[in-house]
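# Architecture and fold: a report
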Protein chains: 2
Amino acid sequence: MDPHPPGTAAPERQRLVILAEGALGDHSAKTAYGVLRYGSRDVVAVIDSTKAPAVVGDFRDIPGRLDVPVVASLEAALALPQPPDALLIGIAPTGGRLPDAWKGILLSAIEHGLDIISGLHTFLADDPDLVAAAAAHGVALQDVRRPTGPRTTAVGRRHGPGKRVILAVGTDCAVGKMSVMLELRRAALADGVSASFVATGQTGIMIEGWGAPVDAIVSDFVQGAMERIVEQGEQLGDWVMVEGQGSLDHPAYSSVTLGLIHGATPHAMVLVHKPGLLDHDFDHLPDRTFPLAPLPGFIDLHERIASAVAPAKVVAVALNTSLYADETDARRIIEQTAAETGLPCDDPYRFGPERLWAAVRERVDTLVG
Amino acid sequence: MDPHPPGTAAPERQRLVILAEGALGDHSAKTAYGVLRYGSRDVVAVIDSTKAPAVVGDFRDIPGRLDVPVVASLEAALALPQPPDALLIGIAPTGGRLPDAWKGILLSAIEHGLDIISGLHTFLADDPDLVAAAAAHGVALQDVRRPTGPRTTAVGRRHGPGKRVILAVGTDCAVGKMSVMLELRRAALADGVSASFVATGQTGIMIEGWGAPVDAIVSDFVQGAMERIVEQGEQLGDWVMVEGQGSLDHPAYSSVTLGLIHGATPHAMVLVHKPGLLDHDFDHLPDRTFPLAPLPGFIDLHERIASAVAPAKVVAVALNTSLYADETDARRIIEQTAAETGLPCDDPYRFGPERLWAAVRERVDTLVG
């Protein structure tokens, strides 16, 4: 997806059915959950034959979407009183490939007149069968992960006067970096502050309607793309909340993470962590695990590597306490983490973003002056 | 370029003319110099109309190539007693694009039956005019920077038993990381040690005939590509010398550098530096410079960030003393750098790689055990 010029309209309204076959209740459905929680489009159903019949609320507490039905098939979604007019692929598998079994579902959706929205590394528009079917049925194939911006290297751009750029970093993939930044943007706007969100991955782009799919960009141009979309974010708001990707110690994705840090050159970073996770979600080799880093040293590492290009501090820790069902446990862990790191800490998804936003605002204003 | 299966033959012999228009005497001709110094193919001439008539030795002390003529035009090269049968594009401009003015030269070369070898980000095979001309004249267009290996993420592979993987890192682009690793491989082989070279950029691939053009690979797959070509390097030798790219503090390319570190997971790194350079070669904005990092802290930063995935030490510093014409000055700076860093230090390009290789070998054997 090309970064749209700032100020353009939100994506046109569609009634979505989200394909999340076999993935509900699992973090591989994170695109589905993100679009359900933060997207503005109607969602008429989620397809997961392994969980149907059910409702979204059985798997995730998403305000306003608890009653969205989980159905067993595309046909069941098409039989609803308000049938969908677009199918959104709601999983993000390792490597980003389209499972073979799903192609038949996509062809069937196209034959029923549905647009297809995909964030996979494998582009729909590169599949001759899908392209031919889409042309025959007059539907659109939207590959949000296809980079279409200019292929340019970073130039060392300075931020605009008065702008504050905040980047989410994390201890692993899929811990909630996007959600934290969307929550902080929401709190900033509620506070009467001019703020924008810069999407760097497929789910964020589906939600926001623009951004750059950084992990799909040729490596030489990652930092240039980040510089460009942060500039666009600055045109949309004074506080620019940048979605993070991967983690700085990830065996497969750390270089994407550093591209965000050195391309966005944030004034400050918010570290996102999911207490209870011990190892990276990375189990390709049966006898090998990669433990998550202890927070204090990892915070220092972020500040040191960021400052190799432009100084930046970690100003807060956002926890994803979803592994702790009990609220008392969650609040205790938040307290412990604040004490361990010396930083403001909260779970903005579970307990609201207001306190974390207030802390970030105060610290960044003090830092930047 | 696809990583060729280890053990395949070197690139077939060609008589090259190298296009380096306007670039001789400048580090933007680094591909030309690399192929002249380390390549095995005949070079009948270099084209640079701003420097002709001249010989390579007027610009660079390259043993065996001092008398290669610098000519003003393709026509002059074609009129030589041994005319070329391939044209190699010998510059690496920022962003990797083909200067417009050169396209006419390429078309003329194709019309005269020359293959074209390019390492630019802009692929020859994507230009309809060049493709049509090549088809009409039966010549090959070779884009060594086109990634054709599998698009796979890293899996956390362990190195093979007894293997030693050494990665070059640097304080800037274009300081000599490739040359240092080629020199170390040469010294290891001369020492009777099994050793290989793993090319990660266009010049290295042109020299070696295989490798991965890492900066042209989609960012999600950089660490996977590194893991794969290091495995191939291990099949070719016990000591695997991996070409580096960029620098960990580069505003545009640091994420590529980290992809090499965390994808190759080297046992040890050799830091390459060019004394006398003060700022990164990065002047996009007239009022902004990016100073090079002081060596001791930068060495520590490399070790810390590497160890976030797999422990690795910087075991030696290789200097490019080309800014110091006087040998006494060069040797003094080598001594100073050894004292400042506490590491073995030499200029292996200028003074031979034997001492640096002996120091690397001893330190790595001690580290790895």
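These figures come from a predicted structure and were not determined experimentally.

### What about the overall build of chain A?
- Each helix and strand in chain A was counted, giving 12 helices and 13 strands.
- Taken over the C-alpha trace, chain A has a radius of gyration of 20 Å; the compact-globule value for 369 residues is 21 Å, and the two agree within 12%.
- On the principal axes, the C-alpha backbone points of chain A span a range of 55 × 50 × 45 Å.
- Burial analysis of chain A (369 residues in total) assigns 55% to the buried set.
- Within chain A, residue pairs in contact and separated by at least 24 positions form 74% of the contacts whose partners lie at least 6 positions apart.

### Overview of the interface of chain B and chain A
- With 41 residues of chain B at the contact, the number on the chain A side is 41 residues.
- Residue assignment for the side of chain B that touches chain A shows that the elements contributing at least two residues are helix 7 (222-236), helix 8 (254-264) and helix 9 (295-307) of chain B.
- If one sorts the elements of the side of chain B that touches chain A by residue count, helix 8 of chain B sits on top with 6 residues.
- Its residues assigned to classes, the side of chain B that touches chain A comprises 21 nonpolar, 14 polar and 6 charged.

### A closer look at the domain arrangement of chain A
Residues and elements named next belong to chain A.
- The domains assigned to chain A are domain 1 (15-143) and domain 2 (164-368).
- Taking the mean C-alpha position of each, domain 1 and domain 2 sit 27 Å from one another.
- Listed as interface residues are 12 residues of domain 1 and, on the opposing side, 8 residues of domain 2.
- No other element matches helix 1 (residues 30-38), which puts 5 residues into the side of domain 1 that touches domain 2.
- Among the residues forming the side of domain 1 that touches domain 2, the class breakdown is 5 nonpolar, 6 polar and 1 charged.

### Looking at the sheet that holds strand 8 (residues 164-170) of chain A
Residues and elements named next belong to chain A.
- On the basis of which strands lie adjacent, the open sheet formed by 6 strands has the order 9-10-8-11-12-13 and parallel pairing. Each edge of the open sheet is held by one strand with a lone partner, namely strand 9 (195-198) and strand 13 (345-346).
- The pairing of strand 9 with strand 10 (residues 239-242) spans 4 bridges and is classified as parallel. In the strand pairing of strand 10, Val-198 is matched with Val-242.

### Thoughts on the relation of the copies chain B and chain A
- Laying chain B over chain A is done by rotating through 180° and shifting 0.0 Å along the axis; what remains is an RMSD of 0.0 Å. Both copies are brought into coincidence by an operation consistent with a two-fold rotation axis.
- Both copies share a contact surface, since 100% of the interface residues of chain B are interface residues in chain A too.

### Some remarks on the pairing of strand 6 (residues 115-118) of chain B
Residues and elements named next belong to chain B.
- One ladder, built from 3 bridges, connects strand 5 (residues 86-89) with strand 6; its direction is parallel. Looking at strand 6, one finds that Leu-88 is bridged to Ile-117.
- Direction of pairing for strand 6 relative to strand 7 (residues 141-143): parallel, over a ladder of 3 bridges. Opposite Ile-116, over in strand 7, you have Leu-141 as the bridge partner.
- Handedness of the β-α-β unit built from strand 6, helix 4 (residues 128-137) and strand 7 comes out right-handed.

### Overview of the environment of Tyr-38 of chain A
All names here are of chain A.
- Structurally, Tyr-38 is set in helix 1.
- In sequence terms Tyr-38 and Leu-182 are 144 residues apart; their C-alpha atoms lie 7.8 Å from each other.
- Setting aside its immediate chain neighbours within four residues, Tyr-38 contacts Leu-182 and Ile-207.

### Digging into the environment of His-27 of chain B
- Mapped onto the elements, His-27 of chain B comes out in the loop between strand 1 (15-19) and helix 1 (30-38).
- Sequence separation of His-27 of chain B and Ala-92 of chain B is 65 residues, and the distance between their C-alpha atoms is 9.0 Å.

### Re the sheet that holds strand 7 of chain B
- Sheet architecture is open: 7 strands sit in the order 3-4-2-1-5-6-7 (chain B), paired in mixed fashion. Single-partner strands in this sheet number two, and they are strand 3 (54-55) and strand 7 of chain B.

### What to know about the packing of helix 5 (residues 177-190) of chain A against helix 12 (residues 354-368) of chain A
All names here are of chain A.
- At a minimum axis distance of 9 Å, the contact between helix 5 and helix 12 shows a crossing angle of 80°. Between helix 5 and helix 12, the angle falls in the class roughly perpendicular. The segment helix 5 lies against helix 12, with Leu-184, Ala-187 and Ala-188 engaging Glu-354, Leu-356, Trp-357 and Val-360.

### As for the packing of helix 3 (residues 100-111) of chain A against helix 4 (residues 128-137) of chain A
Residues and elements named next belong to chain A.
- At a closest axis distance of 9 Å, the pairing of helix 3 and helix 4 adopts a crossing angle of 15°. Considered as vectors, helix 3 and helix 4 are oriented roughly parallel to each other. Read as a crossing pair, helix 3 and helix 4 show a hand that is right-handed. Between helix 3, through Leu-106, Leu-107, Ile-110 and Glu-111, and helix 4, the contact on the second element is made entirely by Asp-129, Leu-130, Ala-133, Ala-134 and His-137.

### Concerning unusual backbone geometry
- In the segment running from Ala-52 of chain A into Pro-53 of chain A, the intervening peptide bond is cis, with an omega of -5°.
- Inspection of the secondary structure puts Pro-53 of chain A in the loop between strand 2 (42-47) and strand 3 (54-55).
- You will see that Thr-265 of chain B, though not glycine, has its phi angle at about 35°, which is positive.
- Tracing the backbone shows Thr-265 of chain B in the loop between helix 8 and strand 11 (268-273).
- Residue classification places Thr-265 of chain B among the buried residues on the basis of 24 C-beta atoms within 10 Å.

### So, helix 12 of chain A
Residue and element names in this part refer to chain A.
- Taking 1.5 Å of rise per residue, 15 residues should cover 21 Å, and helix 12 covers 21 Å from first to last C-alpha, within 8% of that figure.
- Taken residue by residue, helix 12 has Leu-356, Trp-357, Val-360 and Val-364 as its buried positions. Considered in projection along helix 12, the buried side chains sweep an arc of 95° and stay on one side of the axis. Facing away from the buried side of helix 12, by more than 90 degrees, are the exposed residues Glu-362, Asp-365 and Thr-366.
- Remark: Gly-369 follows helix 12 within two positions and exhibits a positive phi of approximately 80°.

### A few points about helix 8 of chain B
- Most of helix 8 of chain B is tucked away, with 11 of its 11 residues classed as buried.
- Along helix 8 of chain B, the residues classified as buried are Ser-254, Ser-255, Val-256, Thr-257, Leu-258, Gly-259, Leu-260, Ile-261, His-262, Gly-263 and Ala-264 of chain B.
- Buried-residue contacts for helix 8 of chain B involve helix 7 (222-236) and helix 8 (254-264) of chain A together with strand 8 (164-170), helix 7, strand 10 (239-242) and helix 9 of chain B.
- Where helix 8 of chain B terminates, the next one or two residues include Thr-265 of chain B, which has phi positive at roughly 35°.

### Side note on the nonpolar core
- Ile-166, Val-242 and Val-270 of chain A together with Ile-166, Val-242 and Val-270 of chain B are the most contacted members of the largest nonpolar core, which totals 236 residues.
- Leaving out residues up to four positions away in the same chain, Ile-166 of chain A has contacts with Trp-239, Val-240, Met-241, Val-242, Pro-266, His-267, Ala-268, Val-270, Val-360 and Val-364 of chain A.

### Focus on the confidence of the model for chain A
Residues and elements named next belong to chain A.
- Per-residue confidence for chain A gives a mean pLDDT of 94; residues scoring 70 or more make up 95%.
- Below a pLDDT of 50 lies the segment residues 5-10, which in the model reaches 5 contacts outside its immediate sequence neighbourhood of four places, other chains included.
- Here the prediction assigns the complex a pTM of 0.94, and the interface score ipTM is 0.94.

### With respect to the pairing of strand 10 of chain B
All names here are of chain B.
- Here strand 10 shows no split at all, with Trp-239 and Met-241 on one side and Val-240 and Val-242 on the other all buried.
- By the bridge criterion, 4 bridges tie strand 8 to strand 10 in an arrangement that is parallel. The residue bridging Leu-167 from the neighbouring strand is Val-242, located in strand 10.

### With respect to the environment of Arg-157 of chain B
Residues and elements named next belong to chain B.
- With respect to the helices and strands, Arg-157 occurs in the loop between strand 7 and strand 8.
- Through-space distance from the C-alpha of Arg-157 to that of Gly-57 is 45 Å; in sequence the pair is 100 residues apart.
- With residues up to four places along the chain from it excluded, the contact list for Arg-157 reads Glu-227 and Glu-231.

Rules used throughout
- Residues numbered from 1 in each chain as written.
- Chains lettered and ligands numbered in written order.
- Predicted model: local features only at pLDDT ≥ 70, side-chain atom pairs only at ≥ 80, totals over all residues.
- Helix = DSSP H or I, 4+ residues; strand = E, 2+ residues; numbered from the N terminus.
- Rg over C-alpha atoms; globule rule 2.2 N^0.38 Å.
- Buried ≥ 20, exposed ≤ 12 C-beta atoms within 10 Å, placed from the backbone.
- Contact = placed C-beta atoms within 7 Å.
- Nonpolar A, V, L, I, M, F, W, Y, C, P; charged D, E, K, R; others polar.
- Domains from an automatic or database assignment.
- Pairing = 2+ DSSP bridges.
- Least-squares fit on C-alpha atoms with pLDDT ≥ 70 in both.
- Right-handed = clockwise from strand over helix to strand, strands pointing away.
- Axes fitted to C-alpha atoms, helices over the stretch in contact; angles between N-to-C directions.
- Parallel < 35°, antiparallel > 145°, perpendicular 65-115°, else oblique.
- Left-handed = near helix turned anticlockwise from the far one by under 90°.
- Expected span 1.5 Å × (residues − 1).
- Arc of directions from axis to C-beta.
- Core = buried A, V, L, I, M, F, W, Y, C linked by C-beta atoms within 7 Å.
- pLDDT = per-residue confidence, 0-100.

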